[in-house]
Every structure is written in C-alpha cells, then in structure tokens.
Amino acid sequence: TEETSFQALPFWGFDDYATKLLFPQGGGNRNSLMPLTNKLPLSVDKMEQLRSVLKRFEERLLLDKKFLVPFIQTLETQSKFHMTDRVFVASLLMVAFQDNLYYATEILKLLLAELIRKSSGRNPKLLLRRTESVAEKLLTNWLAYCLHDYIKSEVGTP
C-alpha cells in the first residue's frame, strides 16, 4: 500500500489568532485593527506621559475588582451601550488582561455570578445563548484564549 502523508491543519500564531478573535471587524488585520494599535504622532515626552497614565489607570482602576465589576455593570445598563460596544469592551478587557488570565478569570466569575443571579427569575435555558452581555462575550473570548495551545498542538493531528 502507498503511504499517505498527513499534515496538520494550518493555524495562526497567538497574536494573529487573538486579533482575529477579538477584533473581527478589523478584518483580522493588525495594522488597520483600531486606532489603539496605530502609531500616535506624539513626542517622546508625551508618549512617556501617556504610558505612565495608562499604567496608573491599569493599576488603580482595572486591577480593582470593586471598581471594574460595577463599572461594567453600569455600562450595560446604559441605553446607548449597544451590542458592538459590549463586544468591543470585552475584547479590550481581554487584551488588558492577557498577561493575567487568573485575574480575568476572577472578573469573569464575578460577572457571570451576577448574570446568573439576574436570570434566575427568567427562563434559565436562555442564559449564555445569545452573548448579549460583556460577561458572555468575555467568556467566549476567555475560552478561545485558553484553547489556543490545545488547538495548535492537538487539532488536526493524526
């Protein structure tokens, strides 16, 4: 019999995978993804100042569960906070926490617990069905992040 050669499925590196997953509206192109990834026309001093401010924002607010969870919940109660906004916020949170998935998991657990508590009076079969909240989209992003290495190493191999 003739030997058949088998090749694994092609896969993206983590950067491309995450970009296509989190920001599909950018076509998966990291260069045209969103204004945050483009080079800003700032002087070196202004760029350092911006980095410092963003670092303080992360340390003082994003890494404070007592701020972040109510902030997300408040955003979701706003009538002008549409589905695309929810998806974008969940994606930005995953980018912010990609080096700290433990913290992302803690935030996700808090948001999901609140979502479950709110939906307990309604039909529980509809929970997590339509990805209508930041928590639900964050969950899908978190799962996809966690599955990348498995997909890369196991899927498509003989």
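It should be emphasised that the depicted structure is a prediction, and the values quoted were computed from it without experimental measurement.

Criteria and thresholds
- Residues numbered from 1 in each chain as written.
- Predicted model: local features only at pLDDT ≥ 70, side-chain atom pairs only at ≥ 80, totals over all residues.
- Heavy atoms only, no water.
- Helix = DSSP H or I, 4+ residues; strand = E, 2+ residues; numbered from the N terminus.
- Buried < 20%, exposed > 50% of the residue type's maximum accessible area, 1.4 Å probe, protein only.
- Contact = heavy atoms within 4.5 Å.
- Patch = residues over 30% accessible without salt bridge, like charges linked within 9 Å, V, L, I, M, F, W, Y side chains within 5 Å.
- Areas by Shrake-Rupley, 256 points an atom, 1.4 Å probe, with all protein chains shown as cover.
- Salt bridge = Lys/Arg side-chain N within 4 Å of Asp/Glu carboxyl O.
- Polar contact = N/O pair within 3.5 Å; in protein donor to acceptor, adjacent residues only side chain to side chain.
- Phe/Tyr/Trp six-rings, centres within 6.5 Å; stacked < 30°, edge-to-face > 60°.
- Axes fitted to C-alpha atoms, helices over the stretch in contact; angles between N-to-C directions.
- Parallel < 35°, antiparallel > 145°, perpendicular 65-115°, else oblique.
- Left-handed = near helix turned anticlockwise from the far one by under 90°.
- Nonpolar A, V, L, I, M, F, W, Y, C, P; charged D, E, K, R; others polar.

Student: Run through the overall build of the chain, naming residues and quoting values.
Tutor: Summing up its helical and strand segments, the chain has six helices and zero strands in all. For the chain, the succession of helices and strands along the chain, N to C, is α-α-α-α-α-α. In the chain, buried positions account for 28% of the 158 residues. Once local pairs closer than 6 in sequence are excluded, the contacts in the chain between residues at least 24 apart make up 69%.

Student: Explain a nonpolar patch on the surface residue by residue, including any values.
Tutor: Residues L143, L147, Y150, I151 and V155 make up a contiguous nonpolar surface patch of about 410 Å² in total accessible area. Tracing the sequence through the fold places L147 in helix 6 (residues 134-153). Taking the relative accessible area as the measure of exposure, L147 reaches 41% and is therefore partly exposed.

Student: Break down the environment of E106 for me, with residues and values.
Tutor: Topologically, E106 is positioned in helix 5 (residues 101-119). Separated by 41 residues in sequence, E106 and K65 have C-alpha atoms that sit 8.7 Å apart. Polar side-chain contacts of E106 include one of 3.3 Å to the side chain of K109.

Student: Kindly report on the packing of aromatic side chains, identifying the contributing residues and their values.
Tutor: For the structure on display, the rule yields three aromatic pairs. For the ring pair F23 and F88, a centre distance of 5.9 Å and an interplane angle of 65° mean the geometry is edge-to-face. Taken together, the residues F23 in the loop between helix 1 (14-22) and helix 2 (44-62) and F88 in helix 4 (residues 83-96) connect sequence positions 65 residues apart. Classification of F23 by relative accessible area gives buried; the value is 3%. For F88, a relative accessible area of 29% puts it in the partly exposed group. Residues F67 and F71 carry aromatic rings whose centres are separated by 5.3 Å and whose planes lie at 15° to one another, so their mutual orientation is stacked. Taken as a pair, F67 and F71 lie in helix 3 (residues 65-77) at a separation of four residues, close to a single helical turn. With relative accessibility at 28%, the residue F67 sits in the partly exposed group.

Student: Account for the packing of helix 4 against helix 6, with residues named and values stated.
Tutor: Across the interface, helix 4 lies against helix 6 with an axial gap of 8 Å and an inter-helix angle of 40°. As judged from the angle between their axes, helix 4 and helix 6 are oblique. Where helix 4 crosses over helix 6, the handedness of that crossing is right-handed. Together, R86, V87, V89, A90, S91, L93, M94 and V95 of helix 4 and V134, K137, L138, N141, W142 and Y145 of helix 6 make up the contact between the two elements. Here the contact of helix 4 with helix 6 is built from residues that sort into 10 nonpolar, two polar and two charged.

Student: Summarise the packing of helix 3 against helix 5; cite the residues concerned and give the values.
Tutor: Contact geometry of helix 3 with helix 5 gives a least axis separation of 11 Å together with a crossing angle of 45°. When the axis of helix 3 is compared with that of helix 5, the two are oblique. Once helix 3 is placed against helix 5, the crossing between them reads as right-handed. Residues K65, L68, V69, I72 and Q73 of helix 3 form the contact with helix 5, whose own contacting residues are Y103, E106, I107, L110, L111 and E114. A breakdown of the residues in the contact of helix 3 with helix 5 according to their chemical character gives seven nonpolar, one polar and three charged.

Student: Provide a residue-level description of the pattern of salt bridges, including the pertinent values.
Tutor: Tallied over the entire structure, the rule returns five salt bridges. The salt bridge involving R51 is made with E48; its shortest N-O contact spans 3.1 Å. Residue R51 and its partner E48 are both found in helix 2; the two are separated by three residues, about one turn of the helix. Overall, the relative accessible area of 45% leaves E48 in the partly exposed class. Across the pair R117 and E114 runs a salt bridge, and its minimum N-O distance is 2.4 Å. Pair noted here: R117 and E114 are both in helix 5, with a separation of three residues, about one helical turn. Judged by relative accessible area, R117 falls into the exposed class, the value being 52%.

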